[in-house]
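As a plain string of letters, each chain reads:
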Protein chains: 2
Amino acid sequence: MARRPTVPPRSTPPRQADAAQRILNAAYRLFVAHGYHGSSMRRIAAEAGIALGGVYNHFPGKRQLFTAVFLEYHPYRELIPAIEAAGGNTVEAAVRDAAERLLATMHGRPDFINLMFIEVVEMHGENLPALFAVILPRLSTAMQRLTAAGSGLRDLPPPVFMRAFVGMFFSYVITEQMLSPETLAAFPPDTLERFVDIFLHGVVEDGKQGPLPAAGIGPQR
Amino acid sequence: MARRPTVPPRSTPPRQADAAQRILNAAYRLFVAHGYHGSSMRRIAAEAGIALGGVYNHFPGKRQLFTAVFLEYHPYRELIPAIEAAGGNTVEAAVRDAAERLLATMHGRPDFINLMFIEVVEMHGENLPALFAVILPRLSTAMQRLTAAGSGLRDLPPPVFMRAFVGMFFSYVITEQMLSPETLAAFPPDTLERFVDIFLHGVVEDGKQGPLPAAGIGPQR
DNA sequence: CCTACCGATCGGTAGG
DNA sequence: CCTACCGATCGGTAGG
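In this text the structure is predicted, and so the values were computed from the model without any measurement. (Residues numbered from 1 in each chain as written. Chains lettered and ligands numbered in written order. Predicted model: local features only at pLDDT ≥ 70, side-chain atom pairs only at ≥ 80, totals over all residues. Heavy atoms only, no water.)

Novice: What is the right way to look at the overall build of chain A in this model?
Specialist: Assigned secondary structure in chain A consists of 11 helices and 0 strands. Ordered by position from N to C terminus, the α and β elements of chain A give α-α-α-α-α-α-α-α-α-α-α. Every one of the 221 residues in chain A was classed for burial, and the buried ones make up 47%. Contacts in chain A between residues far apart in sequence, at least 24 positions, make up 69% of those at least 6 positions apart. For chain A, the exposed surface amounts to about 11300 Å²; the carbon and sulfur share of it is 56%. (Helix = DSSP H or I, 4+ residues; strand = E, 2+ residues; numbered from the N terminus. Buried < 20%, exposed > 50% of the residue type's maximum accessible area, 1.4 Å probe, protein only. Contact = heavy atoms within 4.5 Å. Areas by Shrake-Rupley, 256 points an atom, 1.4 Å probe, with all protein chains shown as cover.)

Novice: Any chance you could explain the pattern of salt bridges here in plain terms?
Specialist: Side-chain pairs of opposite charge can arise where the charged atoms are in close proximity. Tallied over the full model, the rule gives 22 salt bridges over all chains. Between R109(A) and D111(A) there is a salt bridge; the shortest N-O distance is 4.0 Å. Its relative accessible area of 13% is what places R109(A) among the buried residues. D111(A) sits in the partly exposed class, given a relative accessible area of 22%. One salt-bridge network, held together by shared partners, links E92(A), R96(A), D197(A) and R154(B). (Salt bridge = Lys/Arg side-chain N within 4 Å of Asp/Glu carboxyl O.)

Novice: Just checking my understanding: could you explain the protein's contact with DNA strand C for this structure?
Specialist: Neighbouring DNA strand C are 16 residues; R42(A), K62(A), A51(B), N57(B) and H58(B) lie closest to it. The sugar and phosphate moieties of DNA strand C supply 44% of its atoms located within 4 Å of the protein. The contact in question runs from a phosphate oxygen of DNA strand C to an N or O atom on the side chain of S40(A), over 2.9 Å. Every element with two or more residues in the surface near DNA strand C is listed here: α2 (41-47) and α3 (52-55) of chain A. Among the residues making up the surface near DNA strand C, the classes are represented as 6 nonpolar, 7 polar and 3 charged. (Near = heavy atom within 4 Å. Polar contact = N/O pair within 3.5 Å; in protein donor to acceptor, adjacent residues only side chain to side chain. Nonpolar A, V, L, I, M, F, W, Y, C, P; charged D, E, K, R; others polar.)

Novice: Before we go on, may I ask you to explain the packing of aromatic side chains in this structure?
Specialist: By convention here, two paired aromatic rings are described through the distance between centres and the angle between planes. Counted by the stated rule, this structure contains 21 aromatic pairs over all chains. Here F169(A) and F170(A) contribute two aromatic rings whose centre-to-centre distance is 5.2 Å and whose plane-to-plane angle is 75 degrees, an arrangement assigned as edge-to-face. Between the aromatic rings of F31(B) and F66(B), the centroid separation amounts to 5.3 Å while the plane-to-plane angle is 70 degrees, which identifies the pairing as edge-to-face. Taken together, the positions of F31(B) in helix α1 (residues 19-34) and F66(B) in helix α4 (residues 62-73) put the pair 35 residues apart, joining distant regions of the chain. Classification of F31(B) by relative accessible area gives buried; the value is 0%. Chaining the aromatic ring pairs together yields one cluster made of F31(A), Y36(A), F66(A) and F70(A). Between K62(A) and the ring centre of Y36(A), over which it is positioned, the NZ or CZ distance is 4.5 Å. (Phe/Tyr/Trp six-rings, centres within 6.5 Å; stacked < 30°, edge-to-face > 60°. Lys NZ or Arg CZ within 6 Å of the ring centre and 35° of its normal.)

Novice: It is not clear to me how the domain arrangement of chain A should be interpreted in this structure. Could you clarify?
Specialist: A common way to express how large an interface is: the accessible area buried when the components associate. All names here are of chain A. When its domains are assigned, chain A resolves into domain 1 (17-73) and domain 2 (76-201). The centre of domain 1, based on its C-alpha atoms, is set 29 Å off from the matching centre of domain 2. The partner domain 2 presents 15 residues to the 14 residues of domain 1 that form the contact. Taking both partners together, domain 1 and domain 2 bury about 1400 Å²; carbon and sulfur atoms supply 59% of that area. Put simply, domain 1 and domain 2 have 1 salt bridge between them. For E126, the salt bridge goes to R63, with nearest N and O atoms at 2.9 Å. Where domain 1 packs against domain 2, one counts 9 residue pairs in polar contact (both at pLDDT 80 or more). Of all the secondary structure elements, the ones that give two or more residues to the side of domain 1 that touches domain 2 are α1 (19-34) and α4 (62-73). The greatest single-element share of the side of domain 1 that touches domain 2, amounting to 8 residues, is contributed by α4. Within the side of domain 1 that touches domain 2, the residues separate by chemical class into 9 nonpolar, 3 polar and 2 charged. (Domains from an automatic or database assignment. Buried area = accessible area lost by both parts, 1.4 Å probe.)

Structure follows, in structure tokens:
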């Protein structure tokens, strides 16, 4: 019964972090390593330092546990601020800055891709609407601010611009994760900058491009 | 013992297709629907119309069965020819034609993405080197032919050009699969053409681009 | 190619 | 929050 002055009174002494947090973290690590069906509740409980039955005091079932992991560990919480923090005197500079910041953020979360894959394949995308409902409005606002920094942009629907930028970035990240080190050695170290450059200016030399697909021209049903 | 003239003599009458083929097909359908750990050998056997034990006469184990499915059902067998069949009078036209042909091919195989996801997450990418060893040389040759159709291309390392083109295309396909119909309604019907157009000419208006990141400028270690 | 079986493990719950 | 248990199912194999 010795007094421990610096410890605030608690009804139950918490071991390390909150049990729910430890479960979430263990589940996250196992899910991204082995997938949803490849991770058992028993193993998750063990890695969280808790008995199997105890997990069900915090989460009603395995599916709900994954949903919680997906929404709490999805890196959009870091990626959106990265875009919001980007800026520059021209649209070009702002786009380049955003890509750099996104890459730096993603390099701390290489397992994010796995989280998305599990969601799409094993959960059949049931959590995607909830995720995009949070992401898309914020992303849209951030992109608008980024591209409003100057004129000089071709006339594109903002959703298309946004989707193309996000696609360009993630296609770089995903291929970087999938290709072997030997294959990646064939790429220059500034490949991301070149991706951004293609996004900004294209692969065709200036003044050489053919007719733009204006409205009324081309396949149109 | 009635004579059946049109049936060639066989030691064992094959029910429908070859048993190995039926197993492969059942495994493919189940894997892409529920993932690797979410598909049992029992269920695969049942869907193939065979007893569990019979599967092991054709495949030594579950992992090897997935490997066989992955390599035999991967749509690169259709995607590469689609690129090889593309052409045009200018690089622009050839790139547009390739994208169109790829999209038409992919629309017949919407589950291909799942196959790749399972490979990356649940199989830890162990079959990727074998796959890329087959794909990359053929893809490289096809892209070279495509871009040799005319000049007018900016000076880019061919692997970067190839990776950016493939990334542009698949980022379109994957987002098309992940976004909800309501979200997709915000995009114009010619969004793929616009993706290709950004790939060709960029998002920045002509004559407005800033200094290109020439060698010697920018972060370089 | 099937039947019958192996030990192991699954998600989940009762009861305390 | 744990112990002990439920029925179901897992990948794989023996033996024919």
